[in-house]
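Residues per chain are reported as follows:
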Amino acid sequence: MGGAVSISEVNEENFQEKLEELWNNEEARPGLKQKVYDAQKFLAKKAREASVGKIEHPLPDSKQEELWNLLDYNGNGFSSLAELDKLVVEHYPEFDNKPAIMRAYHTIDRNNNGFISKSEFADFFYYLDYFCKLWEKFEGIDDNNDRRIDIKEFKQYADSVFGRKMSDGTAETMFRLIDRNGGGKILFYEFAAHFAHLEKNVDVEKLPFE
Ligand SMILES: [Ca+2]
Ligand SMILES: [Ca+2]
Ligand SMILES: [Ca+2]
């Protein structure tokens, strides 16, 4: 590595300086990007884990009432995706994961009218927590961080994802099954649709591509 600074030499005092050095070293730069990305993933996961229990399921009536009043501030009995997102950003930043918020929103919109009623809202945090964890699983497989899982990444992690030994042939079959649009890559919406259906009996069609 031509004497490149290693991340293990980085401490609190020299942090900025070492970052600069790593960035300026072309050989070390990709490694730095990866480390920073991994660190972000790590911090996000730890923050979410630390807040486990912050949201209970089912939500106590009083809490549900309180959150609903924040959401439906104009009192028309409905809230939108943007309002749910705002609630998370302002009050539950550990769960501010856009793909997860989007999947949770579609899942709880039981009558598919695009708006969330108070009774639909009751399950919001349950699914948000679920999809955040699923996102972490997805990120864990997505080695090159392009937010897509290719067949190579899939095969490498298939055993751990499915909790059992999987032959190459089986992994390929599973891959094609999850790759709903047949594009050759698994996107998070496809991953989420597959597992939410399998694990939570969520209708696959409820999790559209957007
Ligand atoms: Ca609805
Ligand atoms: Ca990838
Ligand atoms: Ca696909």
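Above: the structure in question.
Residue positions are counted from 1 within each chain, in the order its sequence is given. Just so you know, chain letters begin at A and ligand numbers begin at 1, following the order they were written in. The model is predicted, so local features are restricted to residues of pLDDT at least 70 and side-chain atom pairs to those at 80 or more, both for listing and for counting; the totals for chains, interfaces and linings are taken over all residues. Water and hydrogen atoms play no part in the side-chain values, which are based on all heavy atoms of the structure.

Novice: Sorry, what's going on with the coordination of the calcium ion (ligand 3) here?
Specialist: Six octahedral donors around a metal ideally sit at 90 or 180 degrees from one another, while four tetrahedral donors ideally sit at 109.5 degrees. Donor atoms from the polypeptide that coordinate the calcium ion (ligand 3) comprise Asp-179 (OD), Asn-181 (OD1), Lys-185 (O), Glu-190 (OE) and Glu-190 (OE), at 2.2 to 2.6 Å from the metal. Each metal site is built from N, O and S donor atoms within 2.8 Å (3.2 Å for Na, K and Ca), and since water is not included, such sites may look incomplete. Donor residues for the calcium ion (ligand 3), ordered by position in the chain, follow D-x1-N-x3-K-x4-E. We call a residue buried when its accessible area falls under 20% of the maximum for its residue type, exposed when it is over 50%, and partly exposed in between, using a 1.4 Å probe and counting protein chains only. A relative accessible area of 6% places Asp-179 in the buried class.

Novice: Help me understand the coordination of the calcium ion (ligand 1), please; the structure alone is not making it clear to me.
Specialist: Within the protein, the calcium ion (ligand 1) binds to Asp-109 (OD), Asn-111 (OD1), Asn-113 (OD1), Phe-115 (O), Glu-120 (OE) and Glu-120 (OE); these donor distances fall in the range 2.2 to 2.6 Å. Each of the six donor atoms around the calcium ion (ligand 1) contributes to a set of angles spanning 52 to 155 degrees, which defines the coordination as irregular. Mapped onto the sequence, the residues coordinating the calcium ion (ligand 1) show the spacing D-x1-N-x1-N-x1-F-x4-E. In this scheme the shape depends on donor count and angles: four donors with every angle between 85 and 135 degrees give tetrahedral, four or six donors with opposite pairs above 155 degrees and others between 65 and 115 give square planar or octahedral in turn, and any other case is irregular.

Novice: Please explain the pattern of salt bridges as it appears in this structure.
Specialist: Side chains bearing opposite charge may pair, as long as their charged atoms lie close to each other. Only one rule defines a salt bridge in this text: a Lys or Arg side-chain nitrogen within 4 Å of an Asp or Glu carboxyl oxygen. This model, assessed by the stated rule, comprises 15 salt bridges. Between Glu-21 and Lys-18 there is a salt bridge, with the nearest N and O atoms lying 3.9 Å from each other. Placement of the pair is Glu-21 and Lys-18 together in helix α1 (residues 15–24), with a separation of three residues, close to one helical turn. Take Glu-21: its relative accessible area is 36%, and that puts it in the partly exposed class. Here Asp-129 ties to Arg-48 by a salt bridge, and the two come within 3.7 Å at their closest N and O atoms. Of the two residues, Asp-129 sits in helix α7 (residues 124–141) while Arg-48 sits in helix α2 (residues 29–50), which places them 81 residues apart along the sequence. Going along the chain from the N terminus, every DSSP run of H or I of four or more residues is numbered as a helix, and every run of E of two or more is numbered as a strand.

Novice: So what exactly am I meant to see when it comes to the packing of helix α8 (residues 151–162) against helix α9 (residues 168–178) here?
Specialist: When two helices pack together, their arrangement is given by the angle between the helix axes and by the axis-to-axis distance. Between N-to-C directions, angles span 0 to 180 degrees; the directions come from axes that are lines fitted to C-alpha atoms, helices contributing only their stretch in contact. Their axes nearest at 10 Å, the elements α8 and α9 cross at an angle of 100 degrees. Our classification of the angle between α8 and α9 gives roughly perpendicular. Contacts between α8 and α9 pair Ile-151, Phe-154, Lys-155, Ala-158 and Phe-162 from the former with Asp-168, Ala-171, Glu-172, Met-174, Phe-175 and Ile-178 from the latter. Classification used: nonpolar for Ala, Val, Leu, Ile, Met, Phe, Trp, Tyr, Cys and Pro, charged for Asp, Glu, Lys and Arg, polar for all others including Gly. Taken together, the residues of the contact of α8 with α9 sort by class into eight nonpolar, no polar and three charged. Any angle that falls under 35 degrees is termed roughly parallel, while one over 145 is termed roughly antiparallel, one within 65 to 115 roughly perpendicular, and all others oblique. The criterion used for residue contact is that any of the two residues' heavy atoms lie within 4.5 Å.

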